[in-house]
Amino acid sequence: MKTVTEISALRQQIKAWKQSGLTVAFVPTMGNLHQGHFSLIEKAKTLADKVVASIFVNPMQFGANEDLDSYPRTLEQDQQGLKALGTDLLFTPTPDIIYPKGLDAQSFVEVPGVSEGHCAGTRPDHFRGVSTVVCKLFNLVQPDIACFGEKDFQQLQVIRTMVEDLSMPIDIIGVSTKREESGLAKSSRNGYLTAQQQDVAKVLYACLQHSQKALQSGERDYSSIIQTAKNTLSKAGLKPDYFNICNKADLKEAKVDCKSFVILAAAFLGSVRLIDNIQVDIND
Ligand code: PAF
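Heads up: these notes are all about the structure in this document.

Parameters and conventions
Residues numbered from 1 in each chain as written. Predicted model: local features only at pLDDT ≥ 70, side-chain atom pairs only at ≥ 80, totals over all residues. Heavy atoms only, no water. Core = buried A, V, L, I, M, F, W, Y, C linked by side-chain atoms within 4.5 Å. Buried < 20%, exposed > 50% of the residue type's maximum accessible area, 1.4 Å probe, protein only. Contact = heavy atoms within 4.5 Å. Near = heavy atom within 4 Å. Polar contact = N/O pair within 3.5 Å; in protein donor to acceptor, adjacent residues only side chain to side chain. Areas by Shrake-Rupley, 256 points an atom, 1.4 Å probe, with all protein chains shown as cover. Nonpolar A, V, L, I, M, F, W, Y, C, P; charged D, E, K, R; others polar. Salt bridge = Lys/Arg side-chain N within 4 Å of Asp/Glu carboxyl O. Helix = DSSP H or I, 4+ residues; strand = E, 2+ residues; numbered from the N terminus. Axes fitted to C-alpha atoms, helices over the stretch in contact; angles between N-to-C directions. Parallel < 35°, antiparallel > 145°, perpendicular 65-115°, else oblique. Left-handed = near helix turned anticlockwise from the far one by under 90°. Phe/Tyr/Trp six-rings, centres within 6.5 Å; stacked < 30°, edge-to-face > 60°. Pairing = 2+ DSSP bridges. 1 Å grid on protein atoms, 1.4 Å probe; cavity = no way out; pocket = protein on both sides within 12 Å on 5 of 7 lines; lining within 4 Å. Points joined across faces, edges and corners; volume = space filled by probe spheres on them.

## So, the nonpolar core
Within the largest apolar cluster, 45 residues are counted, with the highest numbers of intra-cluster contacts made by Phe138 and Ile172. With residues near it in sequence (within four places) discarded, phenylalanine 138 still touches Phe26, Pro143, Ala146, Phe148, Ile159, Met162, Val163, Met168, Ile170 and Ile172. Core analysis: the next-biggest nonpolar cluster, separate from the first, contains 29 residues, Val203, Ile226, Ile263 and Val280 among them.

Written out as structure tokens, the structure reads:
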């Protein structure tokens, strides 16, 4: 596996593959790779001739008081994991390469609708940072296919919408969330949690499963389902950020006749913000 930092080296390799008629699947990441990321690479390998991964801790998607500086950077370990899975090329640009004029002078991409609410409640500019960097990475890598985890469900919908709205010729593939045995969704931020906190953190997924069962059994008093979940989270020592029962397609509040739901949730455990979601499809 080749690792390239410069845009020219990336473009040269992509051009050579395209000229040979090879297809490219892309997995953008911020590094500190775990089983969740590796499952994206595995999926990508089944969908295209060549797999490109990127590692870029994107400053544009971090808020002023967030963990940009302390975000775990584990390049050597990540390279080993990617190589072992047969990744063909790793792109590791620096912030100067992606944002040569600095963040304030950079054009940006904003996706209305799905970028609003949920995570944007506490992270107002987060999705602008995500859509801008993903757009830029797509222009650099020019993939046929790109894979994203369903754990960041709102992000996945933002990217799907951007690709559709801007007519980008890229298939976006959502890959199911990888979990610890306890149910806790794998995340780079789990590394901030002590063993004891990890045990508390599993309650988030348990609440999602409990709410899923309620919807499946016909319960439609959404505010009561939400209140029960928030009470359980608080009792366990988590501070609910949001717990929203949404229509899967547009992430708006679910109507009473909704058949295809996603429940989006985030909660703080100390200073660590955990997010997760569960999908519920009702078949009549
Ligand atoms: O999900 C992530 O790791 C990031 O938000 C992404 C998609 C790589 C953009 O920086």
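## As for the site of the ligand
The full set of residues close to the ligand is Pro28, Thr29, Met30, Asn58, Gln61, Val133, Phe148 and Gln155. Note that an oxygen atom of the ligand is positioned 2.6 Å from one of the side-chain N or O atoms of glutamine 61. Between glutamine 155 and the ligand, the recorded distance is 2.7 Å, taken from a side-chain N or O atom to an oxygen atom. About the coverage of the ligand: the protein hides 88% of its 290 Å² of free accessible area. Of the residues in the shell around the ligand, the class split is four nonpolar, four polar and no charged.

## Section: the pattern of salt bridges
Tallied over the entire structure, the rule returns eleven salt bridges. For arginine 273, the salt bridge is made with aspartate 241, and the minimal N-O distance between the two is 2.9 Å. Taken together, the positions of arginine 273 in strand β9 (residues 272-281) and aspartate 241 in strand β7 (residues 239-247) put the pair 32 residues apart, joining distant regions of the chain. On the basis of relative accessible area, arginine 273 is assigned to the buried category, the value being 16%. Here lysine 248 ties to aspartate 281 by a salt bridge, and the two come within 3.1 Å at their closest N and O atoms. Note that lysine 248 is positioned in the loop between β7 and β8 (260-269) and aspartate 281 in strand β9, a separation of 33 residues in sequence.

## Observations regarding the packing of helix α9 (residues 203-216) against helix α10 (residues 222-236)
Here α9 crosses α10 at 160°, and the two axes come no closer than 10 Å. Between α9 and α10, the interaxial angle falls into the category roughly antiparallel. Viewed along their axes, α9 and α10 form a crossing whose handedness is right-handed. Across the interface between the two elements, Val203, Leu204, Cys207, His210, Ser211, Ala214 and Leu215 of α9 pack against Tyr222, Ile225, Thr228, Ala229, Thr232, Leu233 and Ala236 of α10. Within the contact of α9 with α10, the residues separate by chemical class into ten nonpolar, four polar and no charged.

## What about the packing of aromatic side chains?
Any two aromatic rings considered together are summarised by their centre-to-centre distance and by the angle between their planes. Taken as a whole and assessed by the stated rule, the structure comprises five aromatic pairs. Here phenylalanine 62 and tyrosine 71 contribute two aromatic rings whose centre-to-centre distance is 5.7 Å and whose plane-to-plane angle is 80°, an arrangement assigned as edge-to-face. Like tyrosine 71, phenylalanine 62 is buried. Centre to centre, the rings of tyrosine 222 and phenylalanine 261 are 5.9 Å apart; their planes meet at 75°, and the pair counts as edge-to-face. Of this pair, tyrosine 222 sits in helix α10 while phenylalanine 261 sits in strand β8, and the two are 39 residues apart along the sequence. Each member of the pair, tyrosine 222 as well as phenylalanine 261, is classed as buried. The rings of Phe26, Phe138 and Phe148 are connected pair by pair, giving a single aromatic cluster.

## Considering the sheet that holds strand β6 (residues 171-175)
Spatial ordering of the open sheet is given by β1-β4-β3-β2-β5-β6, a layout of six strands whose pairing is parallel. Each edge of the open sheet is held by one strand with a lone partner, namely β1 (2-4) and β6. Direction aside, neighbouring strands of the sheet carry axes that sit 25° apart on average. This element, helix α1 (residues 7-19), spans β1, β2 (24-29), β3 (50-55) and β4 (89-91) of the sheet and lies at about 150° to β4.

## A few points about the environment of arginine 273
Sequence separation of arginine 273 and arginine 189 is 84 residues, and the distance between their C-alpha atoms is 8.1 Å. Looking at arginine 273, its side chain comes within polar contact range of the side chain of threonine 122, at 3.4 Å. A polar side-chain atom of arginine 273 sits 2.9 Å from a polar atom in the side chain of aspartate 241.

## Some points on the layout of surface pockets
Size it by volume and the second largest pocket reaches roughly 230 Å³. Every residue lining the second largest pocket is counted, 16 residues in all, and those nearest its centre are Ile55, Phe56, Val57, Arg73 and Pro93. In the lining of the second largest pocket, the residues fall into ten nonpolar, four polar and two charged.

## Details of the sheet that holds β9
Across the sheet, which stays open at both edges, the three strands sit in the order β7-β8-β9 with antiparallel pairing between neighbours. If you trace the sheet from one side to the other, it starts and ends with β7 and β9, each paired once. Averaged over all neighbouring strand pairs, the angle between strand axes comes to 10°, with direction disregarded. Here β7 pairs with β8 via eight bridges, running antiparallel. Across the sheet, the residue bridging to tyrosine 242 is alanine 266, located in β8. Relative to β9, α9 is tilted by about 20°, and along the sheet it contacts β7, β8 and β9. On top of the sheet, α10 reaches β7 and β8; it is set at about 155° to β7, its chief contact.

Geometric descriptors of this kind do not, in isolation, establish any biological role.
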